[in-house]
Each structure stands twice: as structure tokens, then as C-alpha cells.
Amino acid sequence: MPDIHIRTEGRAGRITLTRPKALNALTWEMCRAVEAALDRWRDDDRVALVLIDAEGEKAFCAGGDIAEMYRTGKAGDFDYGRAFWRDEYRMNAKLAEYPKPVIAFLHGFVMGGGVGLGGHAAHRIVCDSTRMSMPECSIGFVPDVGGSALLARAPGRLGEYLGLTAARMGPGDAIHAGFADHYLPEADWDGLKAALVASGDAGQIARAARPAPASDLAAAQHGIDQLFGGEALLDVVNLLRAEDSALAATALAAMERNAPLSMAVTLEMLHRLRSPSLTLRKALEMEYRVSHRIMLHGDFLEGIRAAIIDKDKTPRWRHALETVPAVDVSRMLMPLGPDKLDFRETNMQIGFIGLGNMGAPMAANLAAAGYAVTGFDVAGTTAPGVTSADSARAAAEGADIVITMLPNGDILRAVADDILPVMRPGAVLLDCSTVDVASAREVAARAEAAGLAALDAPVSGGVGGAAAGTLTFMVGGPEDAFAKADPLFEIMGQKAVHCGPAGNGQAAKICNNMILGATMIVTCEAFALADKLGLSRQAMFDVVSTSSGYSWSMNAYCPAPGVGPASPADNGYKPGFAADLMLKDLRLAAQAAEAADADTPLGTAALELYRRFVEEEDGAGRDFSAMLPRLEKRTRN
Ligand code: NAD
């Protein structure tokens, strides 16, 4: 991605913002790329720490890229902004809670979204050019990206002062206010970065750091505490108006420019948050209550218009400084109910390739659960709620997870070659088809080489399970990719088992289906034998289904019509699970057994029987349990 450079170097995962012309303003894509990198590196033993920095002289990051939010919000679409904020806040929380040291080099402007990216790192390094601030009240918003937590924890009433006036902090101020940890002249940064990359030891930072420069804020702390201790916005304004000092005059002048509703809400947020039980998640959840409503009930769109779009710097705020009704403040902060920020990755975009008997209902279930699903099938099939793309590439582009549900390994490999180059960094290719282990491992290797993750996740449960969302997934591939796909497994299925590295899902599927093929045949053999021995099928079922001969083939999918639960046998052996597909799976098992030099005599016998049934007899297109009518007609010769 051109705006952000993510890579590993030595012992470090490195994230560098590369949009200096836009003061490294954070786009949605950049937020998602940061999150994906953190997910990837969490369990990667080569990465001991994460280092975040930015190109250009002027800014580490001057905020979020709000142009698209404005455009969509103006058109009455608030979902874009809400989804962006949800993803960004989740990324902010991940940075703060990351199990490995995160180190941020904060030069130049570090504002809003930049504080969200660098301000929650475990080690925050500032230099002489650093200018940190939470300027949201000046554009009709409130301090967000977890900034409210930093403000609430700042000494005394500094949080109120910084939030309401949007004042900038130099390096000493940032350290005094708790927005930064260490001071080091920028000339020494490259040396420290190189040492961190080489050693993976965050202890180097404290050894390299210099004493913090003096802080003007620390000097003004007493005055700030006196002036910003008021309960509501009007109390603060009255105190400032009554005070004859440069501090009060400058603060008042800033506040007269800022959005009154934003400042009143900010004040209330800080009062509510400031407690020993404050967590970043609590603050982000409260901020999101405001973000969710700000375009509709706040001054955000007007603030951006005046500051960034028309640049007339004369916003027409909804309220005057003295007359913000308390009810408008509480309305912004009311709990959101089902829209609450829950830090789950529900806004994933999904590409779905292969909308056949299985794929179509699986894709429809994801769409019904609220995911944005874009699908493609060469046969032109569609699924309810799924947006149709005109190529596999178009379905895969921009998706967080691309699911494939295709006939075989050759097609899977061809589709993977087609889509891997256009998949976005950090995305996951989730193949649910049943294919050979070698194809699954090859696709995983190609995905890894392209900086992506792949999971092989074949399913058990058939068309019925796909429609009902009760499939079982057997999954091979990296742990973090499994974690990312887990919410989708929960919707499409009832169980997902992580079986180990790439290919292990297919290995599990092949072994399972080898058992299934052999048990189905022997179950059918037993029914045919029982017929000839004069034992009724019902009696046979009643005994075996509760005796040591029981199996899924007998108990859940009984091949005898009219016996046991409803199954394809009761529907003229219409699949269900076609004998052709069982033959395919047994071939995959035989192929894997040969490659692994495993002796599988019953698997081999089952393969030969299904081969004859499908290729030489009338088995093609019939359910795999139609082995019973085949056997019941036969004699030993
Ligand atoms: P299907 O034939 O109904 O669906 C496969 C779909 O893939 C078709 O619609 C086809 O048009 C499409 N396709 C083929 N090449 C394509 C390409 N290059 N790009 C896009 N689309 C393409 O098969 P299904 O029953 O849905 O099974 C899919 C997979 O699931 C298979 O691997 C199968 O072994 C496995 N499976 C099936 C069942 C079952 O009961 N049907 C159960 C478990 C697993």
C-alpha cells in the first residue's frame, strides 16, 4: 500500500506512515493495515517488538483522513464514518493491549488519529519538533481514538484544558501530561531504531533517553486546575471570564472558536471517565457513542466544512458558548444498545468465490448476519443478500476475507493465482472446498509469499448444514488467521476445529471421509445381509443404532428407506452427498496415503467400490448411500 510501509526488519515489526504530503493523515485502509500487521506479528517469534514511525519532516500523523467521511456524511450515509471509527478504535485498543512492546517515534504534529496510533504505545518517544494535541473540538467533534482516556488521566484539570482549547504540547508538556514517555533529540533516533531492530530489546530506550525539557504546562498546572475545575461548560467559561491572566485570555479565545456542544460533551466525558477503574476500552466505548451520533446531532460536518472543505473558518455551530442544554449533552452520551462498540471485527468485507450447492447458502448466511459479501461464480449463480461481482478478482479486491468453495484443487490453484495479487495486505484466503493436501499447502505458500494468510477449512455437514449454518470446519493454517475467521465460522457452522498448520484441515477432512466411505459401504452390506437372513431393516436399525456397530452412516444418515431419521434414502437417493463427491474424497485420501506411504486397505477397497459404482454402474448423480440398492441386488458372484 503506498501510504504505509509495513515490513519486518531484524527483530522488529515495522510500521512507517508514508503520506508526508498529507501530513500522514490516517485513512481507513491504513488503520486496517496496522491492525492486520499487529495480528500477524502477535505469535510470530521473529518479531520481538513493534516500531512505529513516519516519513517527512512536519508530522508523525496530523489526524484521521476525514474527507471521505465528510462526503458520505453530507450525502446522508453515516455508516461509512461509523464503520471507519469502529475499526480505528479497535486498532487503538489493540495497540494499547499488545503483548509485545510497541514503540512510537512521535515527531512534528501528532494530532487526533495520530495520538490514537502513537499515544497508546508502551514506549512513546518525543523530540524537539513534537507538537501533540487533541484538536477535535475545533472541528465539532470530541477527543476520540482513546484520547479521552489520556486526557482523563492527565494531572489535575489538564485534560479539560487540552481537550477544550485544543492546545498543543511540546515534548516536555507531552511527557508531563502523560501523552509521551521519553525525550530523545531526533538526530539520535536512527541510532536507537537500528539498535532496537538489531536487539529486539526495548530496554535500550530508557538507556538512550535524555532528561525531558521543561514543560510550560507543568508551570501553569496550578492555574489550569483553578480555571478548569467547573462542573459544566458555562462554569469554566465564567471562571475564565472572571480571571485576568494571559492563560485565561488565550484559553477563552480558543474556546470561543471551538464548537460549544463538543466542548460540553468533552467535559462531561472526562468527568465520567476519570476514576481508578478507567480503561482504554471504556473510553473508546464512550467516544463511540458520540461518533455514532455526531454527524446527525452534532457539529462535525459543519466543522469540517469550515476548516477543510470551504476553509472559510467561520463555522455556524448549533449552540452558543453559554447556552448548551444539558439534555443535548446527555443525548450524545446515552448508551447505544445494539450499536455499542464491542471491538469485534464485524465490519469485515467478504469476497465469496464459488456459489454452488454449498457456497450459495454459506454466502447467504454471512450476508444475513450483516456482513458485506461480494460473490462470483463462473456459472453466474448468485445468493440472497450477496452483491454480484463480474470476476473473481473483483470479488476479492478490498476484501478482508476471501472465501472459496470450489470443485477441486486445480480450480482452487487457478483462482488463487488470479486473486492473490489483488488481495489487500493482511487479508485472509479461506478455502472451504475439499481439495488435496498438496494443493492446500501450495496455495498457503503462495499466499504467504504475497504477504497474505491462507486457511484450508473444508467442511462436514453437507448442503443441509450449509443452509442451516451448522457445518463443522476443519481448519489448517496460522493461529491469527484462524482467530480472524472465527466469527465467520460461528455464522456458517456450529464448530470449527483448528487442526494445525496449512493442509491439516484437508488432512482431517480426507481421513474423516475415508471413514465415512468405508462405514457407509459396510452399513449397506450389513442391511443387504440382514435382508437375506430374514432380519427386518427396522429391527436391524433398532439394534445397531444403540449397539457397538453404530455410526453416523447408520444413526444419522440411514441408507435404508423408511428407517431411522429422514435421509436421501427417503428421497429416491437424490443427493445429499453425491457418490461422485465421495469418490473424489476417496481419491484424495488414496493420493495422500500414497504420498505419506500409509497402508489404507479399507480406504482403497472403498475407493474401488465407489469408482465402479460411479463410473461403470448407475451411481453417478445418486447419493452415496445408494450403495444399499446396489448391494441388495447382488450375490457373491
Ligand atoms: P458445486 O459444483 O455445486 O459448486 C461449485 C461451484 O464452483 C459451481 O457453482 C461452479 O460454477 C463454481 N466454479 C467452478 N470454477 C469456478 C471458477 N474458476 N471461479 C468461480 N466459480 C467457479 O459443488 P458444491 O456441492 O457446492 O461443493 C463445493 C465444494 O465443497 C467441493 O469441493 C466439495 O467437495 C465440497 N463439499 C461438498 C459437500 C456437499 O454435500 N455438496 C459437502 C462437503 C464438502
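Residues numbered from 1 in each chain as written. Predicted model: local features only at pLDDT ≥ 70, side-chain atom pairs only at ≥ 80, totals over all residues. Heavy atoms only, no water.

Undergrad: Would you mind going over the overall build of the chain with me for this structure?
TA: Across its full length, the chain carries 28 helices and 18 strands. The principal-axis extents of the C-alpha atoms in the chain amount to approximately 110 × 55 × 45 Å. Residues counted as buried form 56% of the 637 residues belonging to the chain. Within the chain, one finds 61 positive and 79 negative side-chain charges whose respective centroids are separated by 1 Å. (Helix = DSSP H or I, 4+ residues; strand = E, 2+ residues; numbered from the N terminus. Buried < 20%, exposed > 50% of the residue type's maximum accessible area, 1.4 Å probe, protein only. Lys, Arg positive; Asp, Glu negative; His and termini not counted. Charge placed at Lys NZ, Arg CZ, Asp CG, Glu CD.)

Undergrad: Is there a simple way to think about the site of the ligand in this case?
TA: The immediate surroundings of the ligand are formed by 24 residues, with N357, M358, D377, L406 and K584 found nearest. One of the backbone N or O atoms of L406 is found 2.7 Å from an oxygen atom in the ligand. One nitrogen or oxygen atom from the side chain of K584 is found 2.9 Å from an oxygen atom belonging to the ligand. Surface burial for the ligand is 84%, taken as the share of its 820 Å² of free accessible area covered by protein chains. Contributions of two or more residues to the shell around the ligand are made by α19 (409-419), α21 (462-468) and α26 (579-596). Each of two domains, domain 2 (349-502) and domain 3 (509-632), supplies a minimum of three residues to the shell around the ligand. (Near = heavy atom within 4 Å. Polar contact = N/O pair within 3.5 Å; in protein donor to acceptor, adjacent residues only side chain to side chain. Areas by Shrake-Rupley, 256 points an atom, 1.4 Å probe, with all protein chains shown as cover. Domains from an automatic or database assignment.)

Undergrad: Help me understand the nonpolar core in this model?
TA: For soluble globular proteins, nonpolar side chains are generally found buried alongside one another. In terms of nonpolar packing, the biggest core is built from 100 residues, with F179, F228 and F300 touching the most fellow members. Not counting residues within four places of it along the chain, the set of residues in contact with F300 comprises I66, M69, W85, I139, G140, F141, I294 and M295. Membership of the second largest hydrophobic core comes to 35 residues, among which are M362, A363, L366 and I401. (Core = buried A, V, L, I, M, F, W, Y, C linked by side-chain atoms within 4.5 Å. Contact = heavy atoms within 4.5 Å.)

Undergrad: Where do I start with the packing of aromatic side chains in this structure?
TA: To describe a pair of aromatic rings, one takes the distance between the centres and the angle between the planes. Considering all chains together, one arrives at 15 aromatic pairs under this definition. Residues Y80 and F84 carry aromatic rings whose centres are separated by 6.4 Å and whose planes lie at 90° to one another, so their mutual orientation is edge-to-face. Linking Y80 with F84, this pair stays in helix α3 (residues 79-97), spanning 4 residues, or about one helical turn. Just above the ring of W28 sits the side chain of R32; from NZ or CZ to the centre is 4.9 Å. The ring of F343 has R281 sitting right over it, with the charged end atom 4.5 Å from the ring centre. (Phe/Tyr/Trp six-rings, centres within 6.5 Å; stacked < 30°, edge-to-face > 60°. Lys NZ or Arg CZ within 6 Å of the ring centre and 35° of its normal.)

Undergrad: What am I meant to see in the domain arrangement of the chain here?
TA: A common measure of how large an interface is: the accessible area buried when the components associate. Assigned domains of the chain: these are domain 1 (4-339), domain 2 (349-502) and domain 3 (509-632). The C-alpha centroid of domain 3 is placed 28 Å from the C-alpha centroid of domain 2. If you look at the interface, domain 2 gives 11 residues, while domain 3 gives 8 residues. Around 680 Å² of area is buried between domain 2 and domain 3 when both sides are counted, 64% of it from carbon and sulfur atoms. Its largest share of buried area at the contact with domain 3, domain 2 owes to T434, D436 and M474, together 54% of the area lost on that side. Seen at the junction of domain 2 and domain 3, the total is 0 salt bridges. Applying the counting criterion to the domain 2 and domain 3 interface returns 3 residue pairs in polar contact (both at pLDDT 80 or more). Taken together, the residues that form the side of domain 2 that touches domain 3 break down as 7 nonpolar, 3 polar and 1 charged. (Buried area = accessible area lost by both parts, 1.4 Å probe. Salt bridge = Lys/Arg side-chain N within 4 Å of Asp/Glu carboxyl O. Nonpolar A, V, L, I, M, F, W, Y, C, P; charged D, E, K, R; others polar.)

Undergrad: I keep staring at the pattern of salt bridges and nothing clicks. Help me out?
TA: Side-chain pairing between opposite charges can occur once the charged atoms of the two side chains come close. In total, this model carries 45 salt bridges according to the counting rule given. Linking R19 and D65 is a salt bridge whose minimum nitrogen-to-oxygen distance equals 3.0 Å. Of this pair, R19 sits in the loop between β2 (12-17) and α1 (28-42) while D65 sits in the loop between β4 (59-61) and α2 (67-74), placing them 46 residues apart in sequence. Residue R19 is classed as buried on the basis of its relative accessible area of 18%. We note a salt bridge from R32 to D400, for which the minimum N-O separation is 3.6 Å. Taken as a pair, R32 in helix α1 and D400 in the loop between α18 (392-396) and β13 (401-404) lie far apart in primary sequence, 368 residues in all. According to the relative accessible area criterion, R32 is buried, its value standing at 8%. Among the charged side chains, a salt-bridge network with shared partners connects E35, D39, R42, D87, R90 and K94.

Undergrad: Is there a simple way to explain the sheet that holds strand β3 (residues 49-54) in this structure?
TA: Sheet strands pair via backbone hydrogen bonds, and the direction of the pair is either parallel or antiparallel. Strands sit in the order β1-β2-β3-β5-β7-β9 across an open sheet of 6 strands; the sheet is mixed. Lying at the two open borders of the sheet, with one neighbouring strand each, are β1 (4-9) and β9 (182-183). Of the strand pairs in this sheet, strand β5 (residues 102-106) and strand β7 (residues 123-126) are connected by 4 bridges, and their pairing is parallel. Bridged to A104 within β7 is R124. Together, β1, β2 and β3 form the strand contacts of α1, whose direction differs from that of β1 by roughly 15°. (Pairing = 2+ DSSP bridges. Axes fitted to C-alpha atoms, helices over the stretch in contact; angles between N-to-C directions.)

Undergrad: Just checking my understanding: could you explain unusual backbone geometry for this structure?
TA: Keep in mind that most residues, glycine aside, have a negative phi and that most peptide bonds are trans. The step from P575 to G576 runs through a cis peptide bond, and the omega angle for that step is 20°. Even without being a glycine, L23 presents a positive backbone phi close to 50°. In this structure, L23 sits in the loop between β2 and α1. Of note in the backbone geometry, D597 takes a positive phi value of approximately 55° without being a glycine. Relative to the helices and strands, D597 resides in the loop between α26 and α27 (601-615). For D597, a relative accessible area of 72% translates into the label exposed.

Undergrad: What exactly am I supposed to notice about the sheet that holds strand β8 (residues 131-133) here?
TA: Here 3 strands make up an open sheet; going across it, the order is β4-β6-β8 and the pairing parallel. The two strands at the open ends of the sheet, each matched to only one other strand, are β4 and β8. Here the average twist between neighbouring strands, direction ignored, is 15°. Pairing of strand β6 (residues 109-111) with β8, which is carried by 3 bridges, proceeds in the parallel orientation. By the bridge assignment for β8, V110 is matched with M132.

Undergrad: Would you mind going over the pairing of strand β18 (residues 493-500) with me for this structure?
TA: Two faces, one strand: in a regular strand the side chains alternate between the faces of the sheet. Pairing between strand β17 (residues 471-476) and β18: 6 bridges, direction parallel. When the sheet's bridge partners are listed, T472 is paired in β18 with K495. For the crossover that starts at β17, traverses helix α22 (residues 479-492) and ends in the parallel β18, the hand is right-handed. (Right-handed = clockwise from strand over helix to strand, strands pointing away.)

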